Amino acid sequence: MTVGILLLTHPGVGSALLDTATRLLGRLPLPAASLELPFDADLTAQLPHASAMLKRLGGEDGTLLLTDVYGASPARLAQQLAQITGPCRRVSGVSLPMLLRVMNYDDQNLDELARTAANGGRNGVVLDDA
């Protein structure tokens, strides 16, 4: 079972998360890539490039699309991608804890991995005022 992971983010976010996860884990157990959209991105123009990235990722069991901010341009592009490509699940609010959790459960199917991502994001937020 292989799910591809595509991070769709604003500039500087996705690549930094992937670089850090790679540094911490040594290698990423799932195929992953990042597409950082310029702030003034034309989503129609970005769609073919994003679609090609999905195909290159080659997730046999679909693709998990992780976006930084729900409702922003990267999330809207993810929504468009999900409508034109094979099986996709979208999760917003990508963070390092979310990405690490996803990479540690590489045996899960697409639906399970989407839930794991959301849980990783929620559980990664800790009020630490001790």
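My aim in this report is to walk through the structure given alongside it, one point at a time. (Residues numbered from 1 in each chain as written. Predicted model: local features only at pLDDT ≥ 70, side-chain atom pairs only at ≥ 80, totals over all residues. Heavy atoms only, no water.)

**Some points on the pairing of strand β3 (residues 63-67)**
The buried count for β3 comes to five of five residues, which makes it a mostly enclosed element. Residues T63, L65 and T67 line one face of β3 and the alternating positions L64 and L66 line the opposite face, and both faces are buried. As defined by bridge partners, strand β1 (residues 4-9) adjoins β3 across five bridges and the pair is classed as parallel. Residue I5 lies in a different strand from β3, and its bridge partner there is L64. Strand direction decides the pairing type here: β3 and strand β4 (residues 88-92), joined by five bridges, are parallel. From the neighbouring strand, T67 faces β4, where its bridge partner is S92. Note on the crossover from β3 through helix α3 (residues 73-84) to β4: the handedness is right-handed. (Buried < 20%, exposed > 50% of the residue type's maximum accessible area, 1.4 Å probe, protein only. Helix = DSSP H or I, 4+ residues; strand = E, 2+ residues; numbered from the N terminus. Pairing = 2+ DSSP bridges. Right-handed = clockwise from strand over helix to strand, strands pointing away.)

**Examining the nonpolar core**
By size, the foremost hydrophobic cluster in this structure holds 20 residues, and its most contacted members are I5, L7, L64, L66 and L99. If you list the elements that add at least two residues to this core, you get β1, α1 (14-25), β3, α4 (96-103) and α5 (110-123). Not counting residues within four places of it along the chain, the set of residues in contact with I5 comprises L30, P31, A32, A33, L57, L64, L66, L99, V102, M103 and L113. Among the nonpolar cores identified, the runner-up in size contains 17 residues, and L43, A50, M53 and L65 belong to it. (Core = buried A, V, L, I, M, F, W, Y, C linked by side-chain atoms within 4.5 Å. Contact = heavy atoms within 4.5 Å.)

**Some points on the pattern of salt bridges**
Pairs can form between side chains of opposite charge once their charged atoms are near each other. Following the criterion strictly, the structure yields one salt bridge and no others. In this structure, R89 and D111 form a salt bridge, with 2.8 Å as the shortest nitrogen-oxygen distance. You can see R89 sitting in strand β4 and its partner D111 sitting in helix α5, a full 22 residues away along the chain. Relative accessible area serves as the criterion here: at 33%, R89 is assigned to the partly exposed category. A residue is classified by how much of its surface remains accessible, and D111, at 39% relative accessible area, is partly exposed. (Salt bridge = Lys/Arg side-chain N within 4 Å of Asp/Glu carboxyl O.)

**Describing the side chain of H10**
Examined against the element boundaries, H10 turns out to sit in the loop between β1 and α1. Residue H10 is classed as buried on the basis of its relative accessible area of 18%. Not counting residues up to four positions away in its chain, the partners in contact with H10 are E36, L37, F39, D68, A72 and P74.

**Concerning the packing of α4 against α5**
Here α4 crosses α5 at 140 degrees, and the two axes come no closer than 7 Å. When the axes of α4 and α5 are compared, the crossing they make is right-handed. Along its contact with α4, which presents P97, M98, R101 and V102, the element α5 presents L113, T116, A117, N119, G120, G121 and N123. (Axes fitted to C-alpha atoms, helices over the stretch in contact; angles between N-to-C directions. Left-handed = near helix turned anticlockwise from the far one by under 90°.)

**Points about α1**
In an α-helix there are 3.6 residues to a turn, and that puts residues three or four apart on one side. End to end, α1 covers 16 Å across 12 residues, agreeing with the expected 16 Å (1.5 Å per residue, within 8%). Along α1, the positions that sit buried rather than exposed are G14, L17, L18 and A21. Taken end-on, α1 shows its buried residues confined to a sector of 95 degrees, consistent with a single buried face. Away from its buried face by more than 90 degrees, α1 exposes D19 and R23. Those residues of α1 that are buried are in contact with β1, β2 (32-36) and α4. (Expected span 1.5 Å × (residues − 1). Arc of directions from axis to C-beta.)

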